[in-house]
Amino acid sequence: AKNIFTKRTQFYMIGINLPRNCMRKINPFINKRGVTLLELIVAIGLFATLILSATSISQMVIASQYNSLASRNIQQSLRYAMEMMSKEIRMAKKNNGSCVLFGLPTVDNKIYNPSSGDKLFFINKDGVCTGYYFENGQLKIDRGGLSGAITSAEIKILNMDFFIVDDPAAAP
């Protein structure tokens, strides 16, 4: 078997045949065996800085994405509640005095009977007495004596008022 490593290695540079010892003059670091302690500390410092900055950037991105998703969920929940209320309110019928909610008096021949700013009750399209109200930071509904929350327990509403613009006299 012929040993290929015993031959003298030739290097070529720009088409010129150079002997091996000539490469030491061109690149003095070719036979360097290791790095100094200072070079190692600098390299570790740069690597640590790079890793820490990448970690902090990824944490900021994750926190931003979490806030964005939470905001989107809140908006979607409130959009659903408002859409549900608006559809039912648009289809409301006149109250003939049979719809009494929250222990408050009604006004005959009116569609909406506001009691105070945070309560609204009326007769829906199916003839069921329906009321929307604000309690313990949630928007709730009372429909035919059955109550329930419309908004999620994670969403806390601080204030809510209903404003109704209507003529002062009850029209028959």
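Summarised in this report is the structure supplied together with it.

Rules of the game
- Residues numbered from 1 in each chain as written.
- Predicted model: local features only at pLDDT ≥ 70, side-chain atom pairs only at ≥ 80, totals over all residues.
- Heavy atoms only, no water.
- Buried < 20%, exposed > 50% of the residue type's maximum accessible area, 1.4 Å probe, protein only.
- Helix = DSSP H or I, 4+ residues; strand = E, 2+ residues; numbered from the N terminus.
- Pairing = 2+ DSSP bridges.
- Salt bridge = Lys/Arg side-chain N within 4 Å of Asp/Glu carboxyl O.
- Expected span 1.5 Å × (residues − 1).
- Contact = heavy atoms within 4.5 Å.

Along strand E4 (residues 119-123), four of the five residues are buried, which leaves the element largely enclosed by surrounding structure. Here five bridges tie E4 to strand E5 (residues 129-135), and the two strands are oriented antiparallel to one another. Bridging from a neighbouring strand, Phe 121 pairs with Gly 131 of E5. Counted between consecutive antiparallel strands, the loop separating E4 from E5 contains five residues, among which Gly 127 sits at a positive phi close to 80 degrees.

Counted according to the given criterion, the structure contains three salt bridges. Arg 143 serves as the salt-bridge partner of Glu 88, at 2.9 Å between the closest nitrogen and oxygen. Of this pair, Glu 88 sits in helix H2 (residues 37-90) while Arg 143 is found in strand E6 (residues 138-143), placing the two residues 55 residues apart along the sequence. Given the relative accessible area of 12%, Glu 88 is considered buried. For the salt bridge of Lys 125 with Asp 126, the shortest nitrogen-to-oxygen distance reads 3.7 Å. Look at Lys 125 and you get partly exposed, because its relative accessible area is 48%.

For H2, built from 54 residues, the straight-helix expectation of 80 Å at 1.5 Å per residue is met to within 8% by its first-to-last C-alpha distance of 79 Å. Of the positions making up H2, those classed as buried are Ser 77, Ala 81, Met 85, Glu 88 and Ile 89. The inward-facing, buried residues of H2 abut E4, E5 and E6.

So yeah, pure geometry; function would need other evidence.
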